Amino acid sequence: MKTPQTNQTLEQKFNLLAEEWEEHCIKMAHHSRLAFFYDCSAAEQIIAMGRVVLPMIAQRYQKPRDPNFDPVYSHITGLVEKIAQEFTIPDRIRGYYPQMEDYTIKWIHENIK
């Protein structure tokens, strides 16, 4: 586990935690239970950082995406749901991960300044 330094900017800390969370998601890719993807220190710290990281999430995970990170992209929606209580995925796209990911990024751009 990488430890964020106290003199790092918020963005540097987020990126370090995001890298750790991505590694965790790739390791958990064989699990079908969603809770496994958020059961790590990095995800907990990202969530604890609050709404300020939402634009960073949108920037980091908008297309074009790396196909090696599919387990990560499939779970950014859950991360955003845990940070922004008012965010919800419409029922019509729930379960369709590419559409959910696109909706999530679009929602951040439209709702978070």
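First, a word on scope: everything that follows refers to the structure included in this document. (Residues numbered from 1 in each chain as written. Predicted model: local features only at pLDDT ≥ 70, side-chain atom pairs only at ≥ 80, totals over all residues. Heavy atoms only, no water.)

**Focus: the overall build of the chain**
- Looking only at helices and strands, the chain has seven helices and zero strands in total.
- When the helices and strands of the chain are read in sequence order from the N terminus, they spell out α-α-α-α-α-α-α.
- Going through the 113 residues of the chain one by one, you find that 41% of them count as buried.
- Considering only intrachain contacts with a sequence separation of at least 6, the fraction spanning at least 24 residues in the chain is 61%.
- Approximately 6,700 Å² of the chain is accessible, and the part contributed by carbon and sulfur atoms is 51%. (Helix = DSSP H or I, 4+ residues; strand = E, 2+ residues; numbered from the N terminus. Buried < 20%, exposed > 50% of the residue type's maximum accessible area, 1.4 Å probe, protein only. Contact = heavy atoms within 4.5 Å. Areas by Shrake-Rupley, 256 points an atom, 1.4 Å probe, with all protein chains shown as cover.)

**Notes on the pattern of salt bridges**
- Evaluated as defined, the whole model comprises four salt bridges.
- The partner of lysine 106 in a salt bridge is glutamate 110, and the shortest N-O contact between them spans 3.9 Å. One end of the pair, lysine 106, and the other, glutamate 110, are both in helix H7 (residues 97–111), four residues apart, so they sit about a helical turn from each other.
- Judged by relative accessible area, which is 49%, lysine 106 ranks as partly exposed. (Salt bridge = Lys/Arg side-chain N within 4 Å of Asp/Glu carboxyl O.)

**Side note on the side chain of histidine 75**
- By the element assignment, histidine 75 lies in the loop between helix H5 (70–73) and helix H6 (76–83).
- Overall, histidine 75 belongs to the buried group, its relative accessible area being 7%.

Purely geometric stuff here, so don't read any function into it on its own.
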